[in-house]
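Summary of the model geometry
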Amino acid sequence: DVKVTQSSRYLVKRTGEKVFLECVQDMDHENMFWYRQDPGLGLRLIYFSYDVKMKEKGDIPEGYSVSREKKERFSLILESASTNQTSMYLCASSLSPTYEQYFGPGTRLTVT
Amino acid sequence: SQQGEEDPQALSIQEGENATMNCSYKTSINNLQWYRQNSGRGLVHLILIRSNEREKHSGRLRVTLDTSKKSSSLLITASRAADTASYFCATDAHFNKFYFGSGTKLNVKP
(Lines give C-alpha, C1' and ligand atoms only; values in the text may rest on other atoms or scores of the structure.)
Protein backbone atom coordinates (compact mmCIF):
# COMPACT_ATOMS: atom_id res chain seq x y z
CA ASP A 1 0.00 0.00 0.00
CA VAL A 2 1.14 3.50 -0.78
CA LYS A 3 1.91 5.46 2.29
CA VAL A 4 2.16 9.24 2.43
CA THR A 5 3.18 10.65 5.77
CA GLN A 6 3.24 14.22 6.98
CA SER A 7 5.51 15.42 9.74
CA SER A 8 2.82 16.79 12.06
CA ARG A 9 -0.93 16.40 12.48
CA TYR A 10 -1.28 19.67 14.38
CA LEU A 11 1.01 22.67 14.44
CA VAL A 12 0.75 26.04 16.14
CA LYS A 13 3.09 28.81 15.05
CA ARG A 14 3.42 32.52 15.64
CA THR A 15 3.09 35.21 13.00
CA GLY A 16 6.40 35.80 11.26
CA GLU A 17 7.88 32.40 12.03
CA LYS A 18 9.36 30.23 9.29
CA VAL A 19 7.40 27.00 9.04
CA PHE A 20 8.42 23.72 7.46
CA LEU A 21 5.88 21.06 6.54
CA GLU A 22 7.38 17.76 5.49
CA CYS A 23 5.85 15.06 3.35
CA VAL A 24 7.30 11.63 2.59
CA GLN A 25 5.97 8.96 0.25
CA ASP A 26 7.20 5.39 -0.01
CA MET A 27 6.07 4.36 -3.50
CA ASP A 28 8.70 5.95 -5.70
CA HIS A 29 6.14 8.33 -7.19
CA GLU A 30 7.42 11.00 -9.55
CA ASN A 31 4.73 13.53 -8.73
CA MET A 32 4.04 15.21 -5.44
CA PHE A 33 1.58 17.96 -4.52
CA TRP A 34 0.80 20.40 -1.76
CA TYR A 35 -2.77 21.61 -1.24
CA ARG A 36 -4.47 23.72 1.33
CA GLN A 37 -8.05 23.07 2.31
CA ASP A 38 -10.36 25.72 3.69
CA PRO A 39 -14.09 25.44 4.44
CA GLY A 40 -16.19 26.18 1.38
CA LEU A 41 -13.16 26.50 -0.89
CA GLY A 42 -12.26 22.88 -1.43
CA LEU A 43 -8.64 21.95 -2.07
CA ARG A 44 -6.44 24.50 -3.73
CA LEU A 45 -3.11 23.56 -5.25
CA ILE A 46 -0.14 25.46 -3.85
CA TYR A 47 2.79 23.76 -5.62
CA PHE A 48 3.57 20.50 -7.29
CA SER A 49 6.70 18.69 -8.32
CA TYR A 50 7.07 16.17 -11.13
CA ASP A 51 10.68 15.27 -10.45
CA VAL A 52 13.51 15.87 -8.03
CA LYS A 53 14.45 19.54 -7.92
CA MET A 54 11.58 20.38 -10.26
CA LYS A 55 8.63 22.41 -9.10
CA GLU A 56 5.71 24.26 -10.57
CA LYS A 57 3.40 26.82 -9.08
CA GLY A 58 -0.18 25.91 -8.46
CA ASP A 59 -3.02 28.35 -8.06
CA ILE A 60 -2.02 29.96 -4.76
CA PRO A 61 1.79 29.92 -4.44
CA GLU A 62 2.13 33.36 -2.83
CA GLY A 63 3.72 33.19 0.59
CA TYR A 64 4.95 29.61 0.06
CA SER A 65 7.98 27.87 -1.34
CA VAL A 66 8.86 24.21 -1.76
CA SER A 67 11.85 21.96 -1.81
CA ARG A 68 12.34 18.54 -3.35
CA GLU A 69 15.89 17.32 -2.89
CA LYS A 70 14.99 13.63 -2.81
CA LYS A 71 12.32 11.81 -4.73
CA GLU A 72 10.42 10.65 -1.66
CA ARG A 73 10.36 13.97 0.18
CA PHE A 74 8.52 17.19 -0.66
CA SER A 75 8.66 20.08 1.77
CA LEU A 76 6.41 23.11 1.97
CA ILE A 77 7.91 26.25 3.48
CA LEU A 78 6.08 29.25 4.81
CA GLU A 79 8.78 31.90 4.77
CA SER A 80 6.99 34.20 7.21
CA ALA A 81 3.79 32.73 8.55
CA SER A 82 0.71 34.90 8.60
CA THR A 83 -2.70 34.37 10.17
CA ASN A 84 -4.32 33.91 6.75
CA GLN A 85 -2.19 30.81 6.30
CA THR A 86 -4.08 29.06 9.07
CA SER A 87 -5.46 26.05 7.25
CA MET A 88 -5.36 22.30 6.68
CA TYR A 89 -2.40 21.36 4.50
CA LEU A 90 -2.55 18.16 2.50
CA CYS A 91 0.26 16.46 0.67
CA ALA A 92 -0.31 13.95 -2.12
CA SER A 93 1.70 11.85 -4.52
CA SER A 94 0.92 10.08 -7.77
CA LEU A 95 2.60 7.89 -10.34
CA SER A 96 1.52 10.18 -13.15
CA PRO A 97 -0.02 13.66 -13.05
CA THR A 98 -3.42 12.47 -14.20
CA TYR A 99 -3.54 9.25 -12.19
CA GLU A 100 -5.04 8.83 -8.76
CA GLN A 101 -3.43 10.80 -6.01
CA TYR A 102 -2.54 9.33 -2.63
CA PHE A 103 -2.97 11.73 0.24
CA GLY A 104 -1.32 12.10 3.59
CA PRO A 105 -3.40 12.60 6.74
CA GLY A 106 -2.99 16.39 6.65
CA THR A 107 -1.43 18.98 8.93
CA ARG A 108 -3.73 21.44 10.64
CA LEU A 109 -1.69 24.60 10.98
CA THR A 110 -2.75 27.45 13.21
CA VAL A 111 -0.88 30.75 13.00
CA THR A 112 -1.48 33.08 15.93
CA SER B 1 -14.54 30.26 -10.18
CA GLN B 2 -13.67 26.64 -9.60
CA GLN B 3 -13.49 24.02 -12.29
CA GLY B 4 -15.42 21.37 -10.41
CA GLU B 5 -18.45 22.01 -8.24
CA GLU B 6 -20.35 19.39 -6.28
CA ASP B 7 -24.05 19.47 -5.63
CA PRO B 8 -25.64 19.32 -3.12
CA GLN B 9 -23.31 20.86 -0.56
CA ALA B 10 -24.81 18.64 2.13
CA LEU B 11 -26.93 15.50 2.08
CA SER B 12 -28.51 13.62 4.97
CA ILE B 13 -30.05 10.18 4.46
CA GLN B 14 -30.99 7.06 6.41
CA GLU B 15 -28.87 3.95 6.38
CA GLY B 16 -29.89 1.70 3.50
CA GLU B 17 -30.93 4.53 1.22
CA ASN B 18 -29.05 5.53 -1.91
CA ALA B 19 -27.00 8.72 -2.03
CA THR B 20 -26.45 10.66 -5.23
CA MET B 21 -24.10 13.57 -5.59
CA ASN B 22 -23.27 15.54 -8.69
CA CYS B 23 -20.26 17.32 -10.08
CA SER B 24 -20.23 19.95 -12.81
CA TYR B 25 -17.15 21.30 -14.50
CA LYS B 26 -16.37 23.98 -17.03
CA THR B 27 -13.70 22.87 -19.50
CA SER B 28 -12.82 19.71 -21.40
CA ILE B 29 -11.23 16.97 -19.35
CA ASN B 30 -9.23 13.79 -19.86
CA ASN B 31 -10.57 12.14 -16.77
CA LEU B 32 -12.56 12.81 -13.63
CA GLN B 33 -11.95 11.33 -10.21
CA TRP B 34 -13.98 11.00 -7.04
CA TYR B 35 -12.45 11.08 -3.58
CA ARG B 36 -13.76 10.59 -0.05
CA GLN B 37 -12.56 12.43 3.03
CA ASN B 38 -13.43 11.34 6.52
CA SER B 39 -13.61 14.15 9.04
CA GLY B 40 -10.24 15.85 9.50
CA ARG B 41 -8.33 13.28 7.48
CA GLY B 42 -6.67 13.02 4.08
CA LEU B 43 -8.56 12.15 0.92
CA VAL B 44 -8.97 8.61 -0.34
CA HIS B 45 -9.33 7.88 -4.03
CA LEU B 46 -12.58 6.12 -4.95
CA ILE B 47 -12.83 5.91 -8.70
CA LEU B 48 -11.46 7.37 -11.92
CA ILE B 49 -13.53 7.67 -15.08
CA ARG B 50 -11.99 8.62 -18.40
CA SER B 51 -13.58 11.05 -20.82
CA ASN B 52 -14.41 8.23 -23.26
CA GLU B 53 -16.28 6.25 -20.58
CA ARG B 54 -19.89 6.82 -19.65
CA GLU B 55 -20.28 4.68 -16.57
CA LYS B 56 -18.09 2.88 -14.10
CA HIS B 57 -18.79 0.67 -11.09
CA SER B 58 -16.80 -0.19 -8.02
CA GLY B 59 -18.59 -2.19 -5.34
CA ARG B 60 -21.51 -0.04 -4.15
CA LEU B 61 -20.29 2.95 -6.14
CA ARG B 62 -21.55 3.90 -9.56
CA VAL B 63 -20.12 6.87 -11.42
CA THR B 64 -21.49 8.34 -14.61
CA LEU B 65 -19.96 10.92 -16.86
CA ASP B 66 -21.74 13.08 -19.42
CA THR B 67 -19.13 15.10 -21.30
CA SER B 68 -21.78 16.89 -23.36
CA LYS B 69 -23.25 18.32 -20.17
CA LYS B 70 -19.88 18.53 -18.42
CA SER B 71 -21.22 16.69 -15.44
CA SER B 72 -20.69 13.54 -13.41
CA SER B 73 -22.63 11.82 -10.70
CA LEU B 74 -21.60 9.49 -7.89
CA LEU B 75 -24.18 7.05 -6.61
CA ILE B 76 -23.64 5.14 -3.39
CA THR B 77 -26.14 2.33 -3.07
CA ALA B 78 -27.40 0.85 0.21
CA SER B 79 -25.52 3.45 2.23
CA ARG B 80 -24.01 2.68 5.62
CA ALA B 81 -23.12 4.89 8.58
CA ALA B 82 -19.47 4.36 7.63
CA ASP B 83 -20.12 6.19 4.34
CA THR B 84 -20.51 9.42 6.32
CA ALA B 85 -17.81 11.65 4.85
CA SER B 86 -17.21 14.46 2.39
CA TYR B 87 -17.00 13.55 -1.27
CA PHE B 88 -15.01 15.49 -3.83
CA CYS B 89 -14.72 15.37 -7.57
CA ALA B 90 -11.45 16.30 -9.24
CA THR B 91 -10.90 17.16 -12.88
CA ASP B 92 -7.70 17.51 -14.88
CA ALA B 93 -8.49 20.74 -16.65
CA HIS B 94 -4.83 21.47 -17.25
CA PHE B 95 -1.95 19.07 -17.66
CA ASN B 96 -0.39 18.19 -14.32
CA LYS B 97 -3.10 20.01 -12.41
CA PHE B 98 -6.17 18.64 -10.80
CA TYR B 99 -8.98 20.86 -9.64
CA PHE B 100 -11.06 19.79 -6.70
CA GLY B 101 -14.54 21.01 -5.93
CA SER B 102 -15.62 22.11 -2.47
CA GLY B 103 -17.30 18.78 -1.79
CA THR B 104 -20.59 17.23 -0.75
CA LYS B 105 -20.92 16.46 2.94
CA LEU B 106 -22.83 13.19 3.32
CA ASN B 107 -24.37 12.18 6.63
CA VAL B 108 -25.79 8.67 6.86
CA LYS B 109 -27.97 8.24 9.90
CA PRO B 110 -28.06 4.78 11.50
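Attention in this report is confined to the structure presented alongside it. Predicted, not measured: the structure shown is a model, and the values here were computed from it.

1. Comments concerning the environment of A:Pro105
Tracing the backbone shows A:Pro105 in the loop between strand 10 (102–103) and strand 11 (107–111). C-alpha separation for the pair A:Pro105 and A:Met88, spaced 17 residues apart in sequence, amounts to 9.9 Å. Dropping the residues within four chain positions of it, A:Pro105 is found in contact with A:Val4, A:Gln6, A:Arg9, A:Met88, A:Leu90, B:Gly40, B:Arg41 and B:Gly42.

2. Some details on the sheet that holds strand 1 (residues 4–6) of chain A
Residues and elements named next belong to chain A. Strands sit in the order 1-3-8-7 across an open sheet of 4 strands; the sheet is antiparallel. The sheet is open, and its two edges are formed by strand 1 and strand 7 (64–70), each paired on a single side. Here the strands of the sheet are splayed against their neighbours by 20° on average, with no regard to which way each runs. Pairing between strand 7 and strand 8 (residues 73–78): 5 bridges, direction antiparallel. Within strand 8, the position partnered with Tyr64 by the bridge is Leu78.

3. Let's talk about the pattern of salt bridges
All chains considered together, the criterion is met by 10 salt bridges over all chains. Taking the shortest distance from any N to any O, the salt bridge between B:Glu55 and B:Arg62 comes out at 3.2 Å. The class of B:Arg62 is partly exposed, set by a relative accessible area of 30%. When the shortest N-O distance is used, the salt bridge between B:Asp83 and B:Arg60 registers 2.9 Å. With B:Asp83 in the loop between strand 8 (71–76) and strand 9 (85–94) and B:Arg60 in the loop between strand 6 (55–58) and strand 7 (61–66), this pair connects stretches of sequence that are 23 residues apart. Accessibility expressed as a relative area gives 23% for B:Arg60, which makes it partly exposed. Bridged by salt links that share partners, the residues A:Asp28, A:Glu30 and A:Lys71 form one connected network.

4. Things to note about the state of the cysteines
Residue and element names in this part refer to chain A. Following the criterion strictly, the structure yields 2 disulfides over all chains and no others. Across a sulfur-sulfur distance of 1.8 Å, Cys23 and Cys91 are joined as a disulfide pair. Between Cys23 and Cys91, the disulfide has an S-S torsion of -75° and is therefore left-handed. With Cys23 in strand 3 (residues 19–25) and Cys91 in strand 9 (residues 87–94), this pair connects stretches of sequence that are 68 residues apart.

5. Some details on the interface of chain B and chain A
Taken together, the contacts link 21 residues of chain B with 24 residues of chain A. Here chain B packs against chain A, burying approximately 1800 Å² in sum over the two surfaces, 53% of which is carbon and sulfur. Summed over the shared surface of chain B and chain A, the number is 0 salt bridges. For the interface between chain B and chain A, the tally reads 5 residue pairs in polar contact (both at pLDDT 80 or more). By residue class, the composition of the side of chain B that touches chain A is 8 nonpolar, 10 polar and 3 charged.

6. A short note on the pairing of strand 11 (residues 104–109) of chain B
Residues and elements named next belong to chain B. A one-sided burial pattern is seen for strand 11, the buried positions being Thr104, Leu106 and Val108 and the unburied ones Lys105, Asn107 and Lys109. Note: strand 2 (residues 10–14) against strand 11, 5 bridges, orientation parallel. Looking across to strand 11, one finds that Leu11 is bridged to Leu106.

Cut-offs used in this document
- Residues numbered from 1 in each chain as written.
- Chains lettered and ligands numbered in written order.
- Predicted model: local features only at pLDDT ≥ 70, side-chain atom pairs only at ≥ 80, totals over all residues.
- Heavy atoms only, no water.
- Helix = DSSP H or I, 4+ residues; strand = E, 2+ residues; numbered from the N terminus.
- Contact = heavy atoms within 4.5 Å.
- Pairing = 2+ DSSP bridges.
- Axes fitted to C-alpha atoms, helices over the stretch in contact; angles between N-to-C directions.
- Salt bridge = Lys/Arg side-chain N within 4 Å of Asp/Glu carboxyl O.
- Buried < 20%, exposed > 50% of the residue type's maximum accessible area, 1.4 Å probe, protein only.
- Disulfide = S-S within 2.5 Å.
- Buried area = accessible area lost by both parts, 1.4 Å probe.
- Polar contact = N/O pair within 3.5 Å; in protein donor to acceptor, adjacent residues only side chain to side chain.
- Nonpolar A, V, L, I, M, F, W, Y, C, P; charged D, E, K, R; others polar.

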